[in-house]
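Results of the structural survey
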Amino acid sequence: MREKISVIVPVYGVEKVLGRCVDSILAQTYDNLEILLVDDGSPDGCPALCDDYAGRYENVRVIHKKNGGLTSAWKEGVRHARADLIGFVDSDDWIEPDMYERLWRELDRQKADIAMAGLVFDYEDPGYPPRRETNRMDRTVYDRQELMELYPVLLNDGGFIGRGLQPSRVTKLFRKKVVEANLELWDERVTVGEDLQMVFAAILDAEKVCTVPDYYPYHYWYNLSSMTGGHDPAYLEKLRLLRRRMEAISDAKGVYDFRPQIRNDFLSLAVMAVKNEIWRNHTDSVFGVLKNVRRICTDDSVREALQNHTMDRLGLSVKCYLFMMKHGWYLPCYAVTKLFFTWYYRGGK
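These remarks concern the structure in this document. (Residues numbered from 1 in each chain as written. Predicted model: local features only at pLDDT ≥ 70, side-chain atom pairs only at ≥ 80, totals over all residues. Heavy atoms only, no water.)

1. As for empty space enclosed by the protein
Put simply, the rule is: A cavity here means a set of points on a 1 Å grid, drawn over the protein atoms and nothing else, where a 1.4 Å probe fits but cannot get out; a pocket is an open set with protein on both sides within 12 Å along at least five of seven lines, and a residue lines either one if it has an atom within 4 Å of a point. Grid points are joined across faces, edges and corners, and a volume is the space filled by probe spheres set on the points. Gly is placed with the polar residues, together with every amino acid not listed as nonpolar (Ala, Val, Leu, Ile, Met, Phe, Trp, Tyr, Cys and Pro) or charged (Asp, Glu, Lys and Arg). Secondary structure elements follow DSSP: runs of H or I of four or more residues count as helices, runs of E of two or more count as strands, with numbering from the N terminus.
The final tally for this structure, using the stated rule, is two cavities of 30 Å³ or more. By volume, the largest cavity amounts to about 60 Å³. What lines the largest cavity is simply Leu155, Leu196, Leu239, Leu242, Arg243, Met246, Ile262, Asp265, Phe266 and Leu269. Of the residues contributing to the lining of the largest cavity, the split by class is eight nonpolar, no polar and two charged. Taken together, Asp232, Pro233, Tyr235, Leu236, Ala273, Asn276, Glu277, Arg295 and Ile296 make up the full set of residues lining the second largest cavity. Looking at the lining of the second largest cavity, the elements that each hand over two or more residues are α9 (235–253), α10 (259–280) and α11 (286–297). Looking at the lining of the second largest cavity, the element that brings in the most residues is α10, giving three residues. Of the residues belonging to the lining of the second largest cavity, the class tally is five nonpolar, one polar and three charged.

2. Let's talk about unusual backbone geometry
To keep it simple, the criterion reads: Exposed residues in this analysis have more than 50% of their type's maximum accessible area, buried residues have under 20%, and partly exposed residues fall in between, with area computed by a 1.4 Å probe over protein chains only.
If you check the backbone angles, Lys111 has positive phi at about 55 degrees while not being a glycine. Summarising the element assignment, Lys111 is placed in the loop between α4 (99–110) and β6 (114–116). Looking at Lys111, the relative accessible area reads 59%, which means it is exposed.

3. A word on the packing of aromatic side chains
Stated formally: Geometry of aromatic contacts follows a simple scheme: Phe, Tyr and Trp rings, the Trp one being its six-membered ring, pair when their centres are within 6.5 Å, and the pair is stacked under 30 degrees between planes, edge-to-face over 60, tilted otherwise. Both a distance and an angle decide whether a charge sits over a ring: NZ of Lys or CZ of Arg must be within 6 Å of the ring centre and within 35 degrees of the ring normal.
Using the criterion set out here, one finds 18 aromatic pairs in the structure. With a centroid separation of 5.3 Å and 65 degrees between ring planes, the pair formed by Phe121 and Tyr220 is classed as edge-to-face. In this pair, Phe121 sits in strand β7 (residues 119–123) while Tyr220 sits in strand β12 (residues 218–222), placing the two residues 99 residues apart along the sequence. Given a relative accessible area of 8%, Phe121 falls into the buried group. On the basis of relative accessible area, Tyr220 is assigned to the partly exposed category, the value being 29%. Each ring, one from Tyr123 and one from Tyr222, has its centre 5.4 Å from the other, and the planes form 5 degrees; the classification is stacked. Pair noted here: Tyr123 is in strand β7 and Tyr222 is in strand β12, with a separation of 99 residues, a long-range link. A connected cluster of aromatic rings, assembled from ring pairs, spans Trp74, Phe88, Phe174 and Trp186. Its end group placed over the ring of Trp221, Arg20 keeps NZ or CZ at 4.7 Å from the ring centre.

4. A closer look at the nonpolar core
Short version of the rule: Residues enter a nonpolar core if they are buried and are Ala, Val, Leu, Ile, Met, Phe, Trp, Tyr or Cys, with the set joined through side-chain atoms within 4.5 Å. Contacts are assigned to residue pairs that have any heavy atoms within 4.5 Å of one another.
Ranked by size, the top nonpolar core spans 110 residues in total, and within it Tyr100 and Met325 carry the most contacts. Among the elements that take part in this core, α10 stands out by supplying nine residues, more than any other. For Tyr100, the residues in contact, after removing those within four places along its chain, are Ile5, Val7, Gln28, Tyr30, Gly87, Phe88, Val89, Ile95 and Leu173.

5. Quick look at the environment of Asp39
Stated precisely, the cut-off is as follows: Within 3.5 Å is the distance limit for a polar contact, defined as a pair of N or O atoms, with the added protein rule that one can donate a hydrogen and the other accept it, and that residues adjacent in sequence qualify only through two side-chain atoms.
Relative to the helices and strands, Asp39 resides in strand β2 (residues 33–40). Relative accessible area serves as the criterion here: at 4%, Asp39 is assigned to the buried category. A sequence separation of 43 residues divides Asp39 from Arg82, and the C-alpha atoms of the two residues are 18 Å apart. Among all residues touching Asp39, those that are not within four sequence positions of it are Val11, Pro47, Ile63, His64 and Lys65. Of note is the side chain of Asp39, whose polar atom sits 2.9 Å from the backbone nitrogen of Ser42.

6. Here's the deal with helix α3 (residues 70–80)
Along α3, the residues that are buried comprise Thr71, Ser72, Ala73, Trp74, Lys75, Gly77 and Val78. Packed against the buried residues of α3 are β1 (5–11), β2, β3 (60–65), β4 (85–88), α6 (176–180) and α7 (194–205).

7. Some remarks on the pairing of β2
Within a regular strand, side chains alternate between the sheet's two faces. To keep things clear, this is the line we draw: Pairing between two strands is assigned when DSSP locates at least 2 bridges connecting them.
Across the eight residues of β2, eight count as buried, placing the element largely inside the fold. Taking every second residue as pointing to the same face, both faces of β2 are buried, with Leu33, Ile35, Leu37 and Asp39 on one and Glu34, Leu36, Val38 and Asp40 on the other. In terms of strand pairing, β1 meets β2 through seven bridges, oriented parallel. Paired with Val7 across the two strands is Ile35, which belongs to β2.

8. Some words on the environment of Arg189
With respect to the secondary-structure elements, Arg189 resides in the loop between α6 and α7. Owing to a relative accessible area of 55%, Arg189 belongs among the exposed residues under this scheme. Discounting residues that sit within four places of it in the chain, Arg189 has contacts with Leu241 and Arg245.

9. Remarks on the sheet that holds β12
Pairing within the open sheet is mixed, and its four strands lie in the order β5-β12-β7-β8. The sheet is open, and its two borders are formed by β5 (94–95) and β8 (131–133), each paired with just one other strand. In the sheet, β5 pairs with β12 via two bridges, with the strands oriented antiparallel. Opposite Trp94, over in β12, you have His219 as the bridge partner.

This is the structure:
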């Protein structure tokens, strides 16, 4: 008999697109699913929509909870899951009908703890064609020893955001044991890199991992506002928290010293923090933006990462950007970022 899969869907503020998500899970060819809709205190019509689905479908259950954020919501879903296998779908995304069929088939055949696929970035703006991202794994099966051989490049391979691990939890099917055992390690305060901390801890506990190559069943919805808006003045603080939590997971597992890779990943994201400040801050004057860029670049944790990173596979443009950050060339950082994004969003990609 096929094992049951609990598909956990955190729900918040997605009234217009929730139906697309839930309907795609209901349409799965895998016939032993339970769907857990975790209403994270959504202020719109989502709670009623969730209840309506539960009333119409026996395999849909709803959990209503006080708002606590994405990690809080999917952790609550895990606690209520009745199955030994766990999947995740975010409520503004959707999946192909055979996604869990194919992931389960490979997981079962290989007796693995995690099965993974790729994903498709679908953009709200039709001017941006869909973009695929692989699972980033070269083999179809990794036993424990082969997974350990990946540790030196698991979080950074020496390149800019050079993660050997594709961090999205939503492209994977997990045995519940590698999820449930790590609930306390996944800090609910983390709001940048939630998936990274989750998948990192789970993969370190896995005895075997398998992949479905050249398969992209998960559709990640990118709306225009997420691409061009959303300046976050607290972004650096959120990155520092992510770094601390990743280091805590590395220390707790004690199987390998991931701290140099975590530093490299943090520095890559710090570059993104500078670019976020320059491109998305439409409130402050140029002088205010430059002041904020200086604050980021002179932050002790960023200075330490600029000084001690071990990324040796960087392109010339990233090397130049890091040089400008390190030596206080904030105006050139501003000019280069503005020129690049202006070119990109006018169709230069």
